[in-house]
Protein chains: 2
Amino acid sequence: MALRDERVTLAHGGGGKAMRDLIDEVFTSVFQPPGMEDQARLMADAVQEPGARLAFTTDSFVVTPLEFPGGDIGKIAVCGTVNDLVVGGAVPLWLSAAFIIEEGCEVALLRRIVASMAREAALAGVRIVTGDTKVVGRGAADGLFVTTAGIGVIQPGREMAAALIRPGDVAIVNGMLGDHGAAILAARGDLALSTDLHSDCASLGHLMQAVLAAAPGVRAARDATRGGLASALNEMAEAAGVGVVIEEVALPMRTEVKGVCEILGLDPLYLANEGTLVLFVPEDQAAAALAAMRSVPEGAGAVVIGRAVAAHPGQVRMVTLFGGSRIVDMLVGEQLPRIC
Amino acid sequence: MALRDERVTLAHGGGGKAMRDLIDEVFTSVFQPPGMEDQARLMADAVQEPGARLAFTTDSFVVTPLEFPGGDIGKIAVCGTVNDLVVGGAVPLWLSAAFIIEEGCEVALLRRIVASMAREAALAGVRIVTGDTKVVGRGAADGLFVTTAGIGVIQPGREMAAALIRPGDVAIVNGMLGDHGAAILAARGDLALSTDLHSDCASLGHLMQAVLAAAPGVRAARDATRGGLASALNEMAEAAGVGVVIEEVALPMRTEVKGVCEILGLDPLYLANEGTLVLFVPEDQAAAALAAMRSVPEGAGAVVIGRAVAAHPGQVRMVTLFGGSRIVDMLVGEQLPRIC
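Residues numbered from 1 in each chain as written. Chains lettered and ligands numbered in written order. Predicted model: local features only at pLDDT ≥ 70, side-chain atom pairs only at ≥ 80, totals over all residues. Heavy atoms only, no water.

Structural notes on the overall build of chain A
- Looking only at helices and strands, chain A has 9 helices and 14 strands in total.
- Taken over the C-alpha trace, chain A has a radius of gyration of 21 Å; the compact-globule value for 340 residues is 20 Å, and the two agree within 12%.
- Principal axes of the C-alpha set define a box for chain A whose edges measure 65 × 55 × 30 Å.
- The 340 residues of chain A split such that 61% are buried.
- The contacts in chain A between residues at least 6 apart in sequence include a share of 86% that link residues at least 24 apart.
- For chain A, the exposed area adds up to about 11,900 Å²; of that, 52% sits on carbon and sulfur atoms.
- The averaged location of the 39 negative side-chain charges in chain A is 2 Å from the averaged location of its 26 positive side-chain charges. (Helix = DSSP H or I, 4+ residues; strand = E, 2+ residues; numbered from the N terminus. Rg over C-alpha atoms; globule rule 2.2 N^0.38 Å. Buried < 20%, exposed > 50% of the residue type's maximum accessible area, 1.4 Å probe, protein only. Contact = heavy atoms within 4.5 Å. Areas by Shrake-Rupley, 256 points an atom, 1.4 Å probe, with all protein chains shown as cover. Lys, Arg positive; Asp, Glu negative; His and termini not counted. Charge placed at Lys NZ, Arg CZ, Asp CG, Glu CD.)

Here it is in structure tokens:
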């Protein structure tokens, strides 16, 4: 049956025919989940290998605007959950997707976002296998919220955790910092900023597989999303009980991102990224890791930004452009609401 | 660090210190997830048994009010996802929980809901192992939305699917119909109804294990949530290509629920349930299934309500109190928004 409505109504959330039409036509026809029971039924050989473990993660996405240069809430929902699996060394396999839709949401917008999710899932090599839709009245949500959960498999013997970072380990990022945060800010329009900035929103599974093949000793990785690079590094330093020193001169950042931050009084170290991770590698595997990252598109801009040290455990310091040193703390308060 | 705020602010979603305090104190201190990496790392012997399969499901919960007689949004989020696993014959193991919180939400309310989730998870024998929090500005969400995803394991050889239902199979429900929908309606207050109704919100894993031990031939089960018993039966009839006949006189329903429906012009067959399932069993196992259900508290009110027939495939018919027969269609349009 063709969905004739142009906008989502409360009936599309009611559990009846209208809901089934919406789900059939907008969601399952695109995602093509493996079954129509109340749950997906799945198995992969890798999961049953002795010593394998499952990785399981979830994120809600409330980004505004829903579409922005370089991505949309659907793409970010796939990438974000894939990357949360990837930074633990897991190979992502399956995603769920739950939609909270505000009454009046355009069906055409939903279709674009669902198509974007399907495209990104195919790129990342994952399947969207189960989902849910709820509809709330006008004013009870802001357009659309998407919550994804993901299952991956961690191969036997793979151990990546922030607590494993040791003094001397080298910190590497895979590319430009702050593009997502700056692109979203510019896209909100109310700042009257005109830029060419695009979100870095990308799935990093292929990148991580390349790194792990070349540098199997990778200690830990984090995607530098909300709270930015600064918060990711602080979490890792604290978990490992090491200090971290980064070099301001080494931080890859576009002139435009720096410009947006200067105008708005933001610190780019706290800007969100959606396709950028930081990883720590033993020094003797750093060159191999760097080369492997540069061999895939998502890592073309990979650079060393600093290292773990025995001094000032739990603290992140930055050697500034002028040769001084300053503490890079966790983000205090809010920088940018609804960035992801 | 003690969380001193009485209400959630945008800073609690920003990725920095305030967010970590909220997560540490309100969520992880109660859920006690197995690790503090970006993803949970899990394994269970049952998953690695040859022939085992994973079940994976998700639901967003937007119920209003957030607390109601017999439950709250947290309890329903745990029960709903557990039951979606259970009706496929899976043993539920792990849940994720993602919270979208409106700025201004009381921290005390969050704590009550988190405690309720932890309590229900313990009862259901599952662990909440990973999660997420997002905060949106006032007016961008309605208090709190919770999205859970769940992983369970389906034992080797277990096959339950609506398509397996055959003419002659007996339809059984585990208890009273419509309590949840009627309790939520009454709790909304604006109807000036004063009732003693409580939601039936409950996890049904123990019930299903009891049934499967006694009646391993169970064909299929569905929890009769949004859209009620009528929608669940219609879905099953259509998937199986069988007709379904139910007896109005056999439907277990409280006088108060009937009363609420009469006053409001609602059909109780479409009222949502959150702890009620319908299952189809081969006739020769129906007595065993019924006895097993009645042996656990969630099934104390179990009764046969009808059966599958070869006639009118895909259609559900009800023999009325007056001996007539009427078609029980899928719900058309909306009955009650935000019932779960």
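Side note on unusual backbone geometry
Residues and elements named next belong to chain A.
- Each neighbour pair has its own omega, and for threonine 64 with proline 65 the value is 0°, a cis peptide bond.
- Within the secondary structure, proline 65 is located in the loop between β2 (53–61) and β3 (67–68).
- Despite not being glycine, histidine 312 has its phi angle at roughly 30°, a positive value.
- As for its placement among the helices and strands, histidine 312 is situated in the loop between β12 (303–309) and β13 (316–319).
- Residue histidine 312 is classed as buried on the basis of its relative accessible area, which comes to 19%.

What to know about the sheet that holds β12(A)
Residues and elements named next belong to chain A.
- Within the open sheet, the 7 strands sit side by side as β9-β11-β8-β12-β10-β13-β14. Their pairing is mixed. The open sheet terminates on both sides in strands that have one partner only, identified here as β9 (220–223) and β14 (325–327). The sheet shows a mean angle of 25° between the axes of neighbouring strands, taken without regard to direction.
- Sheet topology places strand β8 (residues 170–173) next to strand β11 (residues 277–281); 4 bridges connect them, and they run antiparallel. Residue pairing for β11: valine 170 is matched across the bridge by valine 281. (Pairing = 2+ DSSP bridges. Axes fitted to C-alpha atoms, helices over the stretch in contact; angles between N-to-C directions.)

A few points about the pattern of salt bridges
- Counted under the stated rule, the structure contains 30 salt bridges over all chains.
- Overlapping salt bridges, with partners in common, bring together Asp59(A), Arg226(A), Asp132(B) and Lys134(B) in one network. (Salt bridge = Lys/Arg side-chain N within 4 Å of Asp/Glu carboxyl O.)

Some points on empty space enclosed by the protein
- Across all of its chains, the model carries 3 cavities of 30 Å³ or more by this definition.
- Approximately 130 Å³ is the volume attributed to the largest cavity.
- What lines the largest cavity is a set of 16 residues, and nearest its centre among them are Gly13(A), Gly14(A), Arg226(B), Leu336(B) and Ile339(B). (1 Å grid on protein atoms, 1.4 Å probe; cavity = no way out; pocket = protein on both sides within 12 Å on 5 of 7 lines; lining within 4 Å. Points joined across faces, edges and corners; volume = space filled by probe spheres on them.)

Concerning the packing of aromatic side chains
- Scanning all chains against the criterion turns up 5 aromatic pairs over all chains.
- Between the aromatic rings of Phe145(A) and Phe145(B), the centroid separation amounts to 6.3 Å while the plane-to-plane angle is 50°, which identifies the pairing as tilted. In this pair, Phe145(A) is assigned in strand β7 (residues 144–154) and Phe145(B) in strand β7 (residues 144–154), connecting two distinct chains. Both residues of the pair, Phe145(A) and Phe145(B), count as buried.
- Aromatic pair Phe27(B) and Phe99(B): ring centres 4.6 Å apart, planes at 50°, arrangement tilted. Taken together, the positions of Phe27(B) in helix α1 (residues 17–31) and Phe99(B) in strand β5 (residues 91–102) put the pair 72 residues apart, joining distant regions of the chain. (Phe/Tyr/Trp six-rings, centres within 6.5 Å; stacked < 30°, edge-to-face > 60°.)

Some thoughts on the sheet that holds strand β6 (residues 127–136) of chain A
- Spatial ordering of the open sheet is given by β6(A)-β5(A)-β7(A)-β2(A)-β1(B), a layout of 5 strands whose pairing is mixed. Among the strands making up the open sheet, the edge pair consists of β6 of chain A together with β1 (40–42) of chain B. Pairs of neighbouring strands in the sheet enclose a mean axial angle of 15°, with direction left out of account.
- Judged from the 10 bridges that link them, strand β5 (residues 91–102) of chain A and β7(A) form a sheet pairing that is antiparallel. Bridge assignment links Ile101(A) to a residue of β7(A), and that residue is Leu144(A).
- Against the sheet, helix α3 (residues 73–86) of chain A makes contact with β2, β5, β6 and β7 of chain A, and its axis sits at roughly 150° relative to β2(A), the strand it touches most.

Quick look at the interface of chain B and chain A
- The partner chain A presents 82 residues to the 81 residues of chain B that form the contact.
- Three residues, Arg41(B), Phe56(B) and Arg226(B), lead the burial of chain B against chain A; their summed loss comes to 13% of the area buried on that side.
- Inspection of the region where chain B meets chain A yields 8 salt bridges.
- Here Asp132(B) and Arg226(A) are joined by a salt bridge, their closest N and O atoms 3.1 Å apart. (Buried area = accessible area lost by both parts, 1.4 Å probe.)

Some details on the relation of the copies chain B and chain A
- Laying chain B over chain A is done by rotating through 180° and shifting 0.0 Å along the axis; what remains is an RMSD of 0.0 Å. What the rotation and shift describe, once combined, is the action of a two-fold rotation axis. Taking C-alpha positions as reference, the residue of chain B nearest the rotation axis is Ala141(B), located at 2.1 Å.
- The share of interface residues of chain B whose copies in chain A are also at the interface is 100%, consistent with both copies meeting through the same surface. (Least-squares fit on C-alpha atoms with pLDDT ≥ 70 in both.)

Looking at the UniProt feature "domain: PurM-like N-terminal" (unreviewed entry) in chain A
- In this structure's numbering, the residues bearing the UniProt feature "domain: PurM-like N-terminal" (unreviewed entry) are residues 49–154 of chain A.
- Helix and strand shares over residues 49–154 of chain A are 30% and 43% respectively, and the end C-alpha atoms of the span are 10 Å apart. (UniProt positions renumbered as here; feature names shortened; annotations may be inferred.)

Quick word on helix α9 (residues 283–294) of chain A
All names here are of chain A.
- With 12 residues, α9 ought to run about 16 Å at 1.5 Å a step, and its terminal C-alpha atoms sit 17 Å apart, in line with that.
- Buried within α9 are the following residues: Ala286, Ala289, Leu290, Ala292 and Met293. One face of α9 carries all of its buried residues, which in axial projection span an arc of 165°. Exposed and oriented more than 90 degrees from the buried face of α9 are Asp284 and Ala287.
- The elements touched by buried residues of α9 are β8, α6 (205–214), β11 and β12. (Expected span 1.5 Å × (residues − 1). Arc of directions from axis to C-beta.)

Remarks on the layout of surface pockets
- Counted as a void, the second largest pocket has a volume near 1,000 Å³.
- Lining the second largest pocket we find 45 residues, and of these Glu235(A), Ile23(B), Glu37(B), Asp38(B) and Gly131(B) sit closest to its centre.
- Grouping the constituent residues of the lining of the second largest pocket by class yields 17 nonpolar, 14 polar and 14 charged. (Nonpolar A, V, L, I, M, F, W, Y, C, P; charged D, E, K, R; others polar.)

So, a nonpolar patch on the surface
- Residues Val249(A), Leu321(A) and Phe322(A) make up a contiguous nonpolar surface patch of roughly 420 Å² in combined accessible area.
- Checked against the element boundaries, Val249(A) lands in the loop between β10 (243–247) and α8 (255–264). (Patch = residues over 30% accessible without salt bridge, like charges linked within 9 Å, V, L, I, M, F, W, Y side chains within 5 Å.)

Description of the side chain of Thr147(A)
- Structurally, the position occupied by Thr147(A) is in strand β7.
- In this structure Thr147(A) comes out as buried when scored by relative accessible area, which is 1%.
- At 2.8 Å, the side chain of Thr147(A) and the side chain of Ser60(A) are in polar contact.
- With residues near it in sequence (within four places) discarded, Thr147(A) still touches Thr58(A), Asp59(A), Ser60(A), Ser96(A), Ala97(A), Ala98(A), Ala98(B), Ile100(B) and Thr147(B). (Polar contact = N/O pair within 3.5 Å; in protein donor to acceptor, adjacent residues only side chain to side chain.)

Some remarks on the domain arrangement of chain A
Residues and elements named next belong to chain A.
- The domains assigned to chain A are domain 1 (10–154) and domain 2 (162–327).
- Look at where the C-alpha atoms of domain 1 and domain 2 centre, and you get two points 27 Å apart.
- Opposite the 21 residues of domain 1 that make contact, domain 2 presents 23 residues.
- Taking both sides of the interface into account, the surface hidden between domain 1 and domain 2 amounts to around 1,700 Å²; carbon and sulfur atoms contribute 61%.
- Its largest share of buried area at the contact with domain 2, domain 1 owes to Pro69, Asn83 and Val87, together 31% of the area lost on that side. (Domains from an automatic or database assignment.)

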